[in-house]
Amino acid sequence: MSDKVRVRFAPSPTGFFHIGSARTALFNWLYARHTGGDFVLRIEDTDKERNTKEALDVLLEGMRWLGLDWDEGPEVGGKYGPYFQSKRGDIYLKFLEILRAKGRAYDKDGAVFFKVSGQKQVLHDLVYGDVERMEEKDFPIFRSDGSPVFHFVNVVDDICMEITNVIRGQDHLTNTNKHIELFKAFEAPLPKFAHIPLILKSVGQGKMSKRDRGALIEEYRERRFLPEAVVNYLSLLGWNPKHDREIFSSPRDIAELFDFGGIVKSNARFDERKMAHFNTEHIRALPADRFSKICRETLDAFGLASYLNYPAEYSDKVFALCQPKVSAMDSFPSMVEYFFNDNYAFDEGGRERTFKKGDPLARMSEMLPFFESLEKVDASLLHDQLAALAEGNGIRPNDYFPALRYALSGQSGGPDLMSMAEALGKDKCVERLKRALSELK
Ligand code: GLU
């Protein structure tokens, strides 16, 4: 076996990319990148009915979106191919012959069985420690229809592909005994095994299923999460960086720290709010030009490309203003709508909150001549100017701010008010105060 670390992600395409699977892929990728080893993508597609081209695409697109590039596998090839089990039939037959020659395989009821050693095997798992077990019964390695069984093809491929480390979900822990039996029967060196804890659903005991909200990578893509935020969150499901830091801007930074010592044995619980929080933090930390680009792509994807007819200087200002407030890009179009649409709606809930106390319409009437008198709106002066206006009118400055925000945007929350007024500019502030006064009367 080579000295170089060789790990593999060996999914069976099902038509969706579950976060548990993605996390297994990620841990393998992190370990390969941490050690400078090879990351192999092997498609375990022996179940003919389920393995469609669409199912494979979901997986490959998901991997690419997450940024988990593979060194060998579909599309990139490699010297250990083919990387689809469906194309390795001849290899499996050759390996079956080896077992037969050693007297370790026999036919029964049309199937082919593997003859177990009758010896206790010890698995030295890098996460779960030593697990001792005796495989009591012979088990099938080829079905009566001639198709090979998972345990057999999985081990044969790990041998042929010279895999040094098997990193996979804890649900395979109980299979590993069978796998060790097979490795030994082939007199092949054992890879190191590391089983990683399950991901539990956010409430209750069960493991996260594909029906649970937040369970599929496709969902995050559709909701326009940042892939690096998803990777960051997934990396911490079952791994502890032993670091105060939780937010890592790039997967490469995580790879630098990643090792088996940090993998925790206890099952990890999925927390949708935490995932959203990571996304917010990652958005906040983006350089302005990258965030602008994402905003433009999002508006375009939502059929709102017309917003982008405004001068770039204006849109960039709006995007920068909203950046600290965006938690998910799928809510971004509604958040910025009023900057690009003079017929923005007046939000009902916002109206209730704004009109709950005081007399916002009176405040808007007082602010109108003030805005008309300005040469231009300057965010750094506006707060004090409005405070002075309030003093002159014998009211508190805080009575102006919610009224102004609601008039300018139709909302009761949003980005910094003074900067928002400056971005809109004097003429729009005046127009919008007039519009609010006539529509809200
Ligand atoms: N195809 C198996 C799975 O998706 C691979 C298990 C392994 O990594 O060995 O669970």
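Whatever comes next refers back to the structure up there.
Residues numbered from 1 in each chain as written. Predicted model: local features only at pLDDT ≥ 70, side-chain atom pairs only at ≥ 80, totals over all residues. Heavy atoms only, no water.

Broken down by element type, the chain carries 18 helices and 11 strands. What you see for the chain is a C-alpha radius of gyration of 30 Å, clearly larger than the 22 Å of a compact globule of 441 residues, by over 25%. Taking the principal axes of the C-alpha coordinates as reference, the chain spans close to 100 × 40 × 35 Å. A burial count over the chain gives 51% of its 441 residues as buried. (Helix = DSSP H or I, 4+ residues; strand = E, 2+ residues; numbered from the N terminus. Rg over C-alpha atoms; globule rule 2.2 N^0.38 Å. Buried < 20%, exposed > 50% of the residue type's maximum accessible area, 1.4 Å probe, protein only.)

This brings us to the pattern of salt bridges. Scanning the entire structure with this criterion turns up 37 salt bridges. Two residues, R42 and D157, come together in a salt bridge whose shortest N-O distance is 3.6 Å. On the criterion of sequence distance, the pair formed by R42 in the loop between β2 (38-41) and α2 (53-66) and D157 in helix α4 (residues 150-160) is long-range, its members being 115 residues apart. Side by side, R42 and D157 carry an identical accessibility label, which is buried. (Salt bridge = Lys/Arg side-chain N within 4 Å of Asp/Glu carboxyl O.)

As a further point, take the pairing of strand β5 (residues 120-125). Residues Q121, L123 and D125 of β5 are buried on one face, while the alternating residues K120, V122 and H124, pointing to the opposite face, are not. Two strands pair when backbone bridges link them, and β5 and strand β6 (residues 129-134) are joined in this way by 6 bridges, in the antiparallel orientation. Residue pairing in the sheet places D125 in a bridge with G129 of β6. The antiparallel hairpin formed by β5 and β6 contains 3 residues in its connecting segment. (Pairing = 2+ DSSP bridges.)

Before going further, it helps to spend a moment on the pairing of strand β1 (residues 6-9). The alternating pattern of β1 places R6 and R8 on one face and V7 and F9 on the opposite face, and all of these are buried. Alignment of β1 against β2, held across 4 bridges, turns out to be parallel. When the sheet's bridge partners are listed, F9 is paired in β2 with L41. A crossover links β1 with its parallel partner β2, the connecting element being helix α1 (residues 19-35), and its sense is right-handed. (Right-handed = clockwise from strand over helix to strand, strands pointing away.)

So yeah, pure geometry; function would need other evidence.
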